[in-house]
Amino acid sequence: MMEQEEKNQSDIKVRMEEFVMRVQHDFCRALEAEETGGKKFRVDRWLRKEGGGGVTCVMQEGETFEKAGVNVSVVHGTLPKGAVEQMRARGKKMKENVPFFATGVSCVIHPRNPFVPTVHFNYRYFEVEDDTGDKIWWFGGGTDLTPYYLNEDDAKHFHKTLKQACDKHGPAFYPKFKKWCDDYFVISHRGERRGIGGIFFDDLDKPSLEDCFKFIQSCGESVVESYVPLVNKHKNDPYTKEHREWQLLRRGRYTEFNLVYDRGTKFGLFTPGARFESILMSLPLYAKWEYMHIPDPSTPEGKLTEILKNPRDWV
């Protein structure tokens, strides 16, 4: 039994790496198909001297996508003190200088048109040794949407697609992970969410390694269908200078969350040999801050702000 468990853990590293590479490939091809000017992703393969490497795909200044990044990393080595403390705070029993393996795919898309929402997704597998020397593993991830102007049909499509992916594995996953998403992506000093949510989870290690991997696969395979139809629907919508100004202000809020609160960003910055260009690819090309900007509650901007302060159910 023990030998089979070790074989499964070794095998999952390869299968997860193949999976995240496939998600990256499929999503990049789907986005390139929406670029009316024929813009392609720049493919940047990199190595980490402490162990492992990855592939970062980035597109900037396209006609449809102002900045789009899809990153895959497969890294291993020894966890630094800051990362160990972060995991201990989540209840992990960790010794110092703990060996680790991690692989995942992460993506943030910042479109040019303010009526096309920003999307983020991340799916990952982590493996470490606990303080007794035993291997422990878990999966984490999620997909979430950040619109600049609320379109209820878009919100319903996005959440319905994620729910369908979750429901293949049981009815409890979507409501649990939807709430987790609403509670995680909070800009606390603003008293609002980053966007209209989606799903988010971490420390997924039950009921079994195989079941967790199948769940991750379903979620990762849903990202194209959840998002790309929204791009196609709105990428040519007319917009004004005022729409663009609001988009830039909301991107400022996006930046605030990622740099102040996001756990993945903090973990990456704590890791020796971290590739900062890939970690910070989530930041928009352009953003804006205005002193005491408060939208009129009766405007579309004000109505979005109300939803960000008081999340609602979409399906």
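To keep things clear, this report deals only with the structure shown in the data block.

Cut-off values and rules
- Residues numbered from 1 in each chain as written.
- Predicted model: local features only at pLDDT ≥ 70, side-chain atom pairs only at ≥ 80, totals over all residues.
- Heavy atoms only, no water.
- Helix = DSSP H or I, 4+ residues; strand = E, 2+ residues; numbered from the N terminus.
- Rg over C-alpha atoms; globule rule 2.2 N^0.38 Å.
- Buried < 20%, exposed > 50% of the residue type's maximum accessible area, 1.4 Å probe, protein only.
- Contact = heavy atoms within 4.5 Å.
- Lys, Arg positive; Asp, Glu negative; His and termini not counted.
- Charge placed at Lys NZ, Arg CZ, Asp CG, Glu CD.
- Pairing = 2+ DSSP bridges.
- Polar contact = N/O pair within 3.5 Å; in protein donor to acceptor, adjacent residues only side chain to side chain.
- Axes fitted to C-alpha atoms, helices over the stretch in contact; angles between N-to-C directions.
- Salt bridge = Lys/Arg side-chain N within 4 Å of Asp/Glu carboxyl O.
- Phe/Tyr/Trp six-rings, centres within 6.5 Å; stacked < 30°, edge-to-face > 60°.

1. Some details on the overall build of the chain
A count of helical and extended segments in the chain gives 10 helices and 9 strands. Taken against the 2.2 N^0.38 rule, which gives 20 Å for 315 residues, the C-alpha radius of gyration of the chain at 19 Å falls within 12% of a compact globule. With the C-alpha coordinates aligned to their principal axes, the bounding extent of the chain is approximately 60 × 40 × 40 Å. Counting over 315 residues, the chain shows a buried share of 54%. Taking as baseline every contact in the chain between residues at least 6 positions apart, the subset at least 24 positions apart corresponds to 72%. Each charge sign in the chain was given a centre, from 47 positive and 48 negative side chains, and these centres are 2 Å apart.

2. A short note on unusual backbone geometry
For the bond from Lys 206 to Pro 207, the omega torsion is 10°, close enough to zero to count as cis. Within the secondary structure, Pro 207 sits in the loop between strand S9 (197-204) and helix H5 (209-221). Located in the positive-phi region is Glu 61, a residue other than glycine, with phi close to 55°. Among the residues examined, Glu 61 registers a relative accessible area of 38% and is labelled partly exposed.

3. Describing the pairing of strand S6 (residues 135-146)
Counted residue by residue, S6 has 10 buried out of 12 residues, so it is predominantly covered. Relative to S6, strand S5 (residues 118-129) runs antiparallel, the two being bridged by 12 bridges. Opposite Tyr 125, over in S6, you have Phe 139 as the bridge partner. Connecting S5 to the antiparallel partner S6 that follows it, the hairpin turn spans 5 residues, and Gly 133 within it adopts a positive phi of roughly 95°. Strand direction decides the pairing type here: S6 and S9, joined by 6 bridges, are antiparallel.

4. Structural notes on the side chain of Arg 250
Mapped onto the elements, Arg 250 comes out in helix H7 (residues 241-260). Of the residues examined, Arg 250 reaches a relative accessible area of 5% and is grouped as buried. Here Glu 192 takes part through its side chain, which lies 3.0 Å from a polar atom of the side chain of Arg 250. Those residues within four positions of Arg 250 in sequence are excluded, and the remaining contacts are Tyr 148, Glu 192, Arg 193, Arg 194 and Leu 308.

5. Thoughts on the sheet that holds strand S1 (residues 42-47)
Spatially, the 7 strands line up as an open sheet ordered S1-S2-S3-S4-S5-S6-S9, and their pairing is antiparallel. Edge positions in the open sheet fall to S1 and S9, since each of these has one partner strand only. Adjacent strand axes in the sheet meet at a mean angle of 5° when their direction is disregarded. On the sheet, helix H4 (residues 173-184) packs against S6 and S9 and is oriented at approximately 100° with respect to S9.

6. Considering the pattern of salt bridges
Under the counting rule described, the total for this entry stands at 27 salt bridges. The closest approach of N and O atoms between Glu 32 and Arg 29, which form a salt bridge, is 3.0 Å. Pair noted here: Glu 32 and Arg 29 are both in helix H1 (residues 2-32), with a separation of 3 residues, about one helical turn. Among the salt bridges present, the one from Lys 288 reaches Glu 245, with a minimum N-O distance of 2.0 Å. One end of the pair, Lys 288, is in the loop between helix H9 (276-279) and helix H10 (300-309); the other, Glu 245, is in helix H7, with 43 residues separating them in the sequence. Taking relative accessible area as the criterion, Lys 288 reaches 24% and is therefore assigned partly exposed. One network of salt bridges, with partners in common, ties together Glu 61, Glu 66, Arg 112, Arg 244 and Arg 251.

7. A look at the packing of aromatic side chains
Evaluated as defined, the whole model comprises 24 aromatic pairs. Seen in terms of ring centroids, Phe 173 and Phe 177 are 5.7 Å apart; in terms of plane orientation they differ by 45°. Their pairing is tilted. Residue Phe 173 and its partner Phe 177 are located together in helix H4, separated by 4 residues, close to a single helical turn. By the burial criterion, Phe 173 is buried, and Phe 177 matches it.

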